[in-house]
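Spelled out from the first residue to the last, the chains are:
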Amino acid sequence: MSKNFYETKIVGVGGDVPKFMSAIKMIVLFDDSMILPELREFSVLHSGNKLTGVIKPGDILKIAGSEFKIVKIGGEVHNNIRTLGHVIIKFDGGEGDLMEGSIHVEDKPIPKIQIGDSITIQEAGNDALKGKKVNISGDDDAVADALKSVLTENGAIITYDSNADINISVK
């Protein structure tokens, strides 16, 4: 099951933000209460900065209704978010140089960003088994219980037969 561990609302969009987005496929995100005046024109401003997890490749950045898989994370991202509400998001598929305060996401079109839009980072879920029927059969209840737990956390529908050798089938 996926969970959000970062969420904020956009409260301002600097006049140069569209140029940054189209020319260098990047947005600069700052907490509205922490930004220097000279940085406002090219920044996306937000309020309500709280990070409750560790961002890692594979997690999902959601912005203005669009989803982007995170591919690389700079070493100062967590510290910058916590202390300044600041991060650079690069929409380059991880091909560009990694800056210490940047998150690189998949190279897809960047949505139009407006005041009131939300930005979230969601823990990557494993939906590979979602809706799949898994039959576990075997006479080792401990192994079967462990398998059932892991598989159901990843969306599988479980059936169990304790009268056979351990066998797993996915349909």
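Here we look at the packing of aromatic side chains
Phase 1: In total, this model carries 2 aromatic pairs according to the counting rule given.
Phase 2: With centroids separated by 5.2 Å and ring planes inclined at 10 degrees, the aromatic side chains of phenylalanine 20 and phenylalanine 42 adopt a geometry described as stacked. Here the residue phenylalanine 20 occupies a position in helix H1 (residues 17-24), and phenylalanine 42 occupies one in the loop between strand E2 (26-31) and strand E3 (43-47), the gap between them amounting to 22 residues.
Phase 3: Where phenylalanine 68 meets phenylalanine 91, the ring centres are 5.0 Å apart and the plane angle is 75 degrees; that geometry is what we call edge-to-face. With phenylalanine 68 in strand E5 (residues 66-73) and phenylalanine 91 in the loop between strand E6 (87-90) and strand E7 (102-105), this pair connects stretches of sequence that are 23 residues apart. Here phenylalanine 68 matches phenylalanine 91 in class, with each residue buried.
Phase 4: In this arrangement the basic side chain of lysine 108 is found over the ring face of phenylalanine 68, its NZ or CZ atom lying 5.2 Å from the centre.

A short note on helix H2 (residues 77-84)
Phase 1: When we look at burial in H2, the residues that qualify are Val77, His78, Asn80 and Ile81.
Phase 2: Looking at the buried positions of H2, the neighbouring elements they touch are strand E1 (4-13), E5, E6 and E7.
Phase 3: In the segment just after H2, glycine 85 is the residue with positive phi, at about 65 degrees.

What about the side chain of asparagine 80?
Phase 1: Summarising the element assignment, asparagine 80 is placed in helix H2.
Phase 2: You can call asparagine 80 buried: its relative accessible area is 15%.
Phase 3: Each residue touching asparagine 80, except ones within four places of it in the same chain, is listed here: Gly85, His86 and Gly101.

Observations concerning the pattern of salt bridges
Phase 1: Counting across every chain of the model gives 6 salt bridges.
Phase 2: In this structure, glutamate 67 and lysine 62 form a salt bridge, with 3.4 Å as the shortest nitrogen-oxygen distance.
Phase 3: Given the relative accessible area of 42%, glutamate 67 is considered partly exposed.
Phase 4: Of the residues examined, lysine 62 reaches a relative accessible area of 25% and is grouped as partly exposed.
Phase 5: Between glutamate 106 and lysine 108 there is a salt bridge, with its nearest N and O atoms 3.7 Å apart.
Phase 6: A residue is classified by how much of its surface remains accessible, and glutamate 106, at 28% relative accessible area, is partly exposed.
Phase 7: For lysine 108, a relative accessible area of 33% puts it in the partly exposed group.

Reading guide: rules and limits
Residues numbered from 1 in each chain as written. Predicted model: local features only at pLDDT ≥ 70, side-chain atom pairs only at ≥ 80, totals over all residues. Heavy atoms only, no water. Phe/Tyr/Trp six-rings, centres within 6.5 Å; stacked < 30°, edge-to-face > 60°. Helix = DSSP H or I, 4+ residues; strand = E, 2+ residues; numbered from the N terminus. Buried < 20%, exposed > 50% of the residue type's maximum accessible area, 1.4 Å probe, protein only. Lys NZ or Arg CZ within 6 Å of the ring centre and 35° of its normal. Contact = heavy atoms within 4.5 Å. Salt bridge = Lys/Arg side-chain N within 4 Å of Asp/Glu carboxyl O.

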